Amino acid sequence: MEEKKTGLWKAFKNKINTFLHNKELKEKLYVIIFESDTPKGKLFDVFLIGFIIMSVLVVILESVVTFSDHFRLALQILEYVFTAFFTFEYLVRIYCSPKPKKYIFSFFGIVDLLATLPLYLGFLFTSARYLLIIRTFRLIRVFRVFKLFNFLEEGNLLLVSLRLSSRKIFVFFFFVLILVTSIGTIMFMVEGTQPDTQFNNIPNCIYWAIVTMTTVGYGDITPVTPVGRFISACVMLIGYTIIAVPTGIVSATMIKEHRRRSELRCPHCFRTGHEEEAKYCKYCGGKLDEFS
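Residues numbered from 1 in each chain as written. Predicted model: local features only at pLDDT ≥ 70, side-chain atom pairs only at ≥ 80, totals over all residues. Heavy atoms only, no water.

As recorded by an unreviewed UniProt entry, the protein carries the name Ion transporter and is attributed to Parabacteroides segnis. Within the UniProt record for the protein, the comment given under Subcellular location (unreviewed entry) is "Membrane". (UniProt positions renumbered as here; feature names shortened; annotations may be inferred.)

This is the structure:
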């Protein structure tokens with residue numbers, strides 16, 4: 001009896017080892033899951049995006065009390081089905097990936113893992129289930145499916161412009177911080193002496209100054225004195241004049257960066273649009289330093 005069990009165990013281990021080292025199966029799965037240029041790969045990605053959209057809708061509908069009360073069981077079953085599918089898909093990606101560790105710690109690998117964890121964490125922390133909304137990040141794959149990665153270069157230009165403008169924006173933000181603190185303090189001196197006033201401390205007054213200067217205007221704190229209302233009007237006008245400053249800073253930097261990239265022309269293929277601090281042409285591979 002023990003020999004029979006040992007034989008069965010060895011046969012099971014052999015099958016597992018054969019499955020784990022099946023190169024042909026791994027190559028087929030890799031083409032379907034990771035490649036979008038093939039018909040099967042594109043079809044899989046389209047189905048995956050559909051599943052992601054449906055799973056996000058389930059999470060959203062579950063948060064609507066009136067809807068979830070009537071379809072609670074159906075929504076929970078769908079949630080379990082989607083999570084099981086994404087868990088299986090994540091494991092298959094690890095299985096067929098040529099470099100599993102590289103995939104696991106890549107951006108898409110981390111997002112794929114986080115897309116499966118919230119439901120399991122929900123057994124310990126109930127509200128953690130709503131973190132399933134992180135699956136929306138997986139929709140980034142739509143760029144790969146429909147070959148939209150060329151548009152990411154424009155996004156890269158915006159990110160570079162924001163990084164180059166970061167110091168100017170920080171100085172502007174620091175100036176605004178000082179301004180709202182000063183205005184809040186002044187409003188506390190003007191309105192703080194009024195009976196039942198909402199300007200009863202400086203933090204509340206600073207909060208009012210921020211809300212007013214950003215033209216949000218919640219209206220939960222309002223001045224009652226003529227001087228306070230005059231200051232409010234001035235703060236509103238100041239808000240309209242300075243709110244466009246960061247936009248102007250970033251826009252000017254974007255124009256400058258766009259011109260710099262346009263002027264950086266490859267001396268070999270004469271094409272432009274290279275990345276910041278690029279040393280080699282991204283089209284022909286020639287050195288850009290030769291041009292300078």
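Picking up after the structure, the text goes on.
Draft legend 1. Examining the pattern of salt bridges more closely. All told, the structure shown has 3 salt bridges when counted by the stated rule. One salt bridge in this structure joins Glu24 and Lys28, with 3.6 Å as the shortest N-O distance. Here Glu24 and its partner Lys28 are both found in helix α2 (residues 23-34), 4 residues apart, which amounts to about one turn of the helix. Between Glu89 and Arg93 there is a salt bridge whose closest N-O contact spans 2.5 Å. You can see Glu89 and its partner Arg93 sitting in helix α4 (residues 65-96), 4 residues apart, about one turn around the helix. Summarising the burial analysis for this pair, Glu89 and Arg93 share the class buried. Because the salt bridges share partners, they merge into one network encompassing Glu89, Arg93 and Asp112. (Salt bridge = Lys/Arg side-chain N within 4 Å of Asp/Glu carboxyl O. Helix = DSSP H or I, 4+ residues; strand = E, 2+ residues; numbered from the N terminus. Buried < 20%, exposed > 50% of the residue type's maximum accessible area, 1.4 Å probe, protein only.)

Draft legend 2. Up close: the UniProt feature "transmembrane region" (unreviewed entry) in the protein. Annotation from UniProt places "transmembrane region" (unreviewed entry) at residues 43-61, 73-92, 104-124, 169-190 and 230-255. Along residues 169-190 the backbone is 100% helical and 0% strand, and the end-to-end C-alpha distance reaches 31 Å. Taken end to end, residues 230-255 has its terminal C-alpha atoms 39 Å apart, with 92% of it in helix and 0% in strand.

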